[in-house]
Amino acid sequence: MQTSQTNQVNTLKLANNQVSRWHEFHSQDEINQAAVTRILQAAKEAIAKHGSFLVVLAGGGTPKSVYQLLAKEQADWANWHVFHNDDRCLATDHVERNSKMAREAWLNHVAIPQNQIHDIPAELGNIEGAKAYAKTLAGVRSFDLVILGLGEDGHTASLFPGQAVDNSADVVPVFNSPKPPADRVTMSQNRLNNTHEVMFLVTGAGKQDAVNHWLKGEAIPATLIAPACGVDVYCFGVKVAA
Ligand code: 6PG
């Protein structure tokens, strides 16, 4: 857990037995830099231990500036393996594809071997895309770091409130997502929990209600992510009650 650049860290045990450590930052720059520092450190630790670093990326808009900073860093890119926690069922070149955003902001600019960048083939549709990505994940060991966002309604990855959590496979189709587009592909709760470390990136006042529900111990989808290691929530622009 990195605490050097944070205002405060609160450790809480909340809904679904999730242990969450809350890190508040003073500015967008500070949270971005702390996230980059932690991701690079997690990579070093994993490569020292396993010879590889398995990272799962968050979609949405929040992580983009972190990915842009990573594009300028030096790292042992040859040993990075990149996955996505979810994607939207749109053409590969659609501006709202999470894979496109990550490639343009970061992955196209560093020397991660192409065959180690695992986009979700969500353009195949949610059912076929989920099946194909489950095959990609077959035999993949526990992740080293899962990066997640938080939706205004408390969702994370494409695990939405009121939708049954399907843990039948590592990757599952999503129908009727309340956040467009309706069809998506997401890693299941169980697969996301199979990780050494989790970093949520949460910025902006629009996330305050979701954070309040989370801090009250309500079982919003973000609390489904409850690995033994707990989760680190990096925040800027939302208030975290002590
Ligand atoms: C997606 C996501 C989703 C996202 C949150 C936050 O594809 O929509 O992976 O879980 O991380 O909705 O999105 P923003 O960062 O855009 O607020």
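Everything below is about the structure shown above.
All of these numbers come straight from a predicted model, not from anything done at the bench.

Thresholds, definitions, all that
- Residues numbered from 1 in each chain as written.
- Predicted model: local features only at pLDDT ≥ 70, side-chain atom pairs only at ≥ 80, totals over all residues.
- Heavy atoms only, no water.
- Helix = DSSP H or I, 4+ residues; strand = E, 2+ residues; numbered from the N terminus.
- Contact = heavy atoms within 4.5 Å.
- Areas by Shrake-Rupley, 256 points an atom, 1.4 Å probe, with all protein chains shown as cover.
- Lys, Arg positive; Asp, Glu negative; His and termini not counted.
- Charge placed at Lys NZ, Arg CZ, Asp CG, Glu CD.
- Near = heavy atom within 4 Å.
- Polar contact = N/O pair within 3.5 Å; in protein donor to acceptor, adjacent residues only side chain to side chain.
- Nonpolar A, V, L, I, M, F, W, Y, C, P; charged D, E, K, R; others polar.
- Pairing = 2+ DSSP bridges.
- Axes fitted to C-alpha atoms, helices over the stretch in contact; angles between N-to-C directions.
- Phe/Tyr/Trp six-rings, centres within 6.5 Å; stacked < 30°, edge-to-face > 60°.
- Buried < 20%, exposed > 50% of the residue type's maximum accessible area, 1.4 Å probe, protein only.

Engineer: An account of the overall build of the chain is needed here, citing residue identities and associated values.
Structural biologist: Secondary structure summary: the chain contains six helices and ten strands in total. Projected onto its principal axes, the C-alpha positions of the chain cover 45 × 40 × 30 Å. At a minimum sequence separation of 6, the contacts of the chain that also span at least 24 residues come to 74%. Accessible surface, the chain: about 10100 Å² in total, of which carbon and sulfur atoms supply 49%. One finds the centroid of the 20 positive side-chain charges in the chain at a distance of 2 Å from the centroid of its 24 negative side-chain charges.

Engineer: Break down the site of the ligand for me, with residues and values.
Structural biologist: As a structural note, the neighbourhood of the ligand is formed by 17 residues, with T62, D86, H155, A157 and K179 the closest of them. Between the ligand and K207, the relevant distance is 2.8 Å, taken from an oxygen atom to a side-chain nitrogen or oxygen of the residue. Compared with its free state, where it exposes 410 Å², the ligand has 90% of that area covered by protein. In terms of residue class, the shell around the ligand is built from two nonpolar, ten polar and five charged.

Engineer: Explain the sheet that holds strand β4 (residues 80–84) to me, and be specific about the residues and the numbers.
Structural biologist: Two modes of strand pairing occur in sheets, parallel and antiparallel, and in both the strands are linked by backbone hydrogen bonds. Taking strand neighbours across the sheet as the criterion, the seven strands line up as β1-β2-β10-β9-β6-β3-β4 in an open arrangement whose pairing is mixed. The open sheet terminates on both sides in strands that have one partner only, identified here as β1 (9–13) and β4. Strand-to-strand twist across the sheet, computed as the mean angle between neighbouring axes with direction ignored, equals 20 degrees. Inspection of the sheet shows strand β3 (residues 53–57) paired to strand β6 (residues 145–148) by two bridges, in the parallel sense. Residue pairing across strands places V56 opposite V146, the latter belonging to β6.

Engineer: Give a detailed account of the packing of aromatic side chains, specifying residues and quantitative values.
Structural biologist: Two aromatic rings, taken as a pair, are described by how far apart their centres are and by the angle between their planes. By the definition in use, this model includes nine aromatic pairs. For the pair W22 and W214, a centre-to-centre distance of 4.8 Å together with 70 degrees between the ring planes defines the contact as edge-to-face. Residue W22 is found in strand β2 (residues 19–24), and its partner W214 is found in helix α6 (residues 208–215); the two are separated by 192 residues along the sequence. For the pair shown, W22 and W214 are each scored as buried. Taking the centre distance of 4.8 Å and the plane angle of 80 degrees together, the rings of F53 and W80 count as edge-to-face. Placement of the pair is F53 in strand β3 and W80 in strand β4, with a sequence separation of 27 residues. Of the two residues, F53 and W80, neither departs from the other in class, the shared state being buried.

Engineer: Which residues make up the sheet that holds strand β8 (residues 184–187), and what values do they have?
Structural biologist: On the basis of which strands lie adjacent, the open sheet formed by three strands has the order β5-β8-β7 and antiparallel pairing. Looking at strand neighbours, the two that pair on one side only are β5 (86–88) and β7 (171–174), the edges of this open sheet. For this sheet the average axis-to-axis angle between neighbouring strands, irrespective of direction, equals 15 degrees. Where β5 and β8 come together, three bridges link them in antiparallel fashion. Bridging across to β8, D86 finds its partner in T186. Relative to the sheet, helix α4 (residues 126–137) contacts β7 and β8, its axis offset from that of β7 by approximately 165 degrees.

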